[in-house]
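Each chain is listed here by its residues.
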Amino acid sequence: MLTFRAIGNWSERDVFVAWTNDGRQRIPAVEDQIDRAWAEATERLGDRLFDGPMCRLEECDAAPEALRLWVSPTSYKPFLGTNLTNRHVPAAARANPLGLSVALSTCDEWLMLGRRNAAVAYYPNRVHPIAGALEPSEALNVFDGVRRELAEELHLTGKDIGGIRCLGLIEDAQLRQPELIFAMRTPRTRTDVEAMLDSAEHHACVAVEATSDAVGEATRDPLMTPVAVGTLALWGRLAFGGGWYSSIRSAIEAR
């Protein structure tokens, strides 16, 4: 289902992101696949398709005191043509954009996720965290990227956003996309968050009670995307401890 590539509990001052050389291999057959996938998607979606800038994860170095990431420029077109539609291509030829997902907890003790629309590019109608991707315009600040997603998808403003922690880096076994996982607690209630949801990407909120039993049960829900499962597991590690996490991780890896 997924791979846990790095695990920690890092604050904003502990996470460092820097540019490095583009390491994606341009294999002619893969580049042809990318062009074909883009042409097919353009025919279906027209002006709704946008080759937005993204950041390819090239290298990661994790230690208890710091997380260091090196990225290079990429965009949605090679992501669509490799990770999304041609996942069998060699890892060195995939776009591998760095995703950002947040475990959002409310003041009345709920974890808030979203049920994705039927029209999204991947995992339609599945349950997924509030998520996006690191963009070059954010000056490589992954925490600013999380704040942007919370503002866009839930209309949360500065007063609604508390301290954000980075909990780890995971990889969806299907998409092979690296995803940074964060935790953030808002002074808003579950009802507040549900009322603020933007319908562009998610058509409803999904609330998980922030208890060890409820979160553990949610990790077994087949409607949860792999990233949602990883997000819940890493949030649970922070909330319930290493023993709970080890048990949940063993169950995940056994699937």
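Structural data are supplied above this passage.
To start, this report covers the structure provided alongside it. As the structure is a computational prediction, the values presented were derived from the model and not from experiment.

Notes on the nonpolar core
- Within the largest apolar cluster, 34 residues are counted, with the highest numbers of intra-cluster contacts made by Val142, Leu150, Leu180 and Phe182.
- Every residue in contact with Val142, bar those within four places of it in the chain, is listed here: Val15, Val17, Leu98, Leu100, Leu134, Leu180 and Phe182.
- By size, the runner-up hydrophobic cluster in this structure holds 27 residues, among which are Ala103, Leu167, Ile181 and Val227.

Quick word on the sheet that holds strand β3 (residues 53-63)
- On the basis of which strands lie adjacent, the open sheet formed by three strands has the order β2-β4-β3 and mixed pairing. The open sheet has two free edges, formed respectively by β2 (15-19) and β3, since each of these has just one partner strand. Adjacent strand axes in the sheet meet at a mean angle of 30° when their direction is disregarded.

Description of the packing of aromatic side chains
- As enumerated under the stated definition, the model contains eight aromatic pairs in all.
- Judged by centre distance (6.4 Å) and plane angle (65°), the rings of Trp38 and Tyr76 are edge-to-face. Separated by 38 residues along the polypeptide, Trp38 in helix α1 (residues 28-45) and Tyr76 in helix α2 (residues 76-84) bring together distant segments of the chain. Both residues of the pair, Trp38 and Tyr76, count as buried.

What to know about the environment of Ala39
- If you trace the backbone, Ala39 turns up in helix α1.
- Between the C-alpha atom of Ala39 and that of Ala93, which follows or precedes it by 54 residues, the distance is 19 Å.

Here we look at the layout of surface pockets
- Looking at the largest pocket, its volume works out to about 1,200 Å³.
- Looking at the largest pocket, it is lined by 34 residues, and the ones nearest its centre are Tyr76, Val120, Ala121, Tyr122 and Glu201.
- Sorting the residues of the lining of the largest pocket by element identifies α1, β3, α2, β8 (130-133) and α3 (142-154) as the ones contributing at least two each.
- In terms of residue count, the dominant contributor to the lining of the largest pocket is α3 (four residues).

Brief notes about the side chain of Asp160
- Residue placement: Asp160 occurs in the loop between α3 and β9 (164-172).
- Looking at Asp160, the relative accessible area reads 3%, which means it is buried.
- Apart from the residues lying within four places of it in its own chain, the contact partners of Asp160 are His155, Met184, Thr186, Pro187, Arg188 and Met196.

Notes on helix α6 (residues 226-240)
- The end-to-end C-alpha distance of α6 is 20 Å, a good match for the 21 Å that 15 residues give at a rise of 1.5 Å each.
- Those residues of α6 not exposed but buried are Pro226, Val227, Ala228, Val229, Gly230, Thr231, Leu232, Ala233, Leu234, Trp235 and Gly236.

Some thoughts on unusual backbone geometry
- Not every positive phi belongs to a glycine, and Leu140 is a case in point at roughly 65°.
- A residue is classified by how much of its surface remains accessible, and Leu140, at 10% relative accessible area, is buried.
- For His155, which is not a glycine, the phi torsion comes out positive at approximately 60°.
- The topology assignment puts His155 in the loop between α3 and β9.

Topic: the state of the cysteines
- Inspection of the entire model under this criterion finds zero disulfides.
- Just so you know, Cys107 is unpaired, no disulfide at all, and the nearest cysteine sulfur is the one on Cys205, 14 Å from it.
- With a relative accessible area of 35%, Cys107 lands in the partly exposed category.
- Its sulfur unpaired, Cys166 is 9.1 Å from the next cysteine sulfur, which belongs to Cys60.

Section: α2
- Most of α2 sits out of view: eight of its nine residues are buried.
- Inspection of α2 places Tyr76, Pro78, Phe79, Leu80, Gly81, Thr82, Asn83 and Leu84 among the buried residues, and these make up the whole buried set.
- Buried-residue contacts for α2 involve α1, β3 and β4 (66-75).

Quick look at empty space enclosed by the protein
- Applying the stated rule across the entire model yields one cavity of 30 Å³ or more.
- What lines the largest cavity is Val102, Ala103, Leu104, Leu111, Met112, Leu113, Pro129, Thr231 and Leu232.
- Among the elements of the structure, β5 (99-105), β6 (110-116) and α6 are those that each provide at least two residues to the lining of the largest cavity.
- Looking at the lining of the largest cavity residue by residue, the classes come out as eight nonpolar, one polar and no charged.

Reading the values: rules and limits
- Residues numbered from 1 in each chain as written.
- Predicted model: local features only at pLDDT ≥ 70, side-chain atom pairs only at ≥ 80, totals over all residues.
- Heavy atoms only, no water.
- Core = buried A, V, L, I, M, F, W, Y, C linked by side-chain atoms within 4.5 Å.
- Buried < 20%, exposed > 50% of the residue type's maximum accessible area, 1.4 Å probe, protein only.
- Contact = heavy atoms within 4.5 Å.
- Pairing = 2+ DSSP bridges.
- Helix = DSSP H or I, 4+ residues; strand = E, 2+ residues; numbered from the N terminus.
- Axes fitted to C-alpha atoms, helices over the stretch in contact; angles between N-to-C directions.
- Phe/Tyr/Trp six-rings, centres within 6.5 Å; stacked < 30°, edge-to-face > 60°.
- 1 Å grid on protein atoms, 1.4 Å probe; cavity = no way out; pocket = protein on both sides within 12 Å on 5 of 7 lines; lining within 4 Å.
- Points joined across faces, edges and corners; volume = space filled by probe spheres on them.
- Expected span 1.5 Å × (residues − 1).
- Disulfide = S-S within 2.5 Å.
- Nonpolar A, V, L, I, M, F, W, Y, C, P; charged D, E, K, R; others polar.

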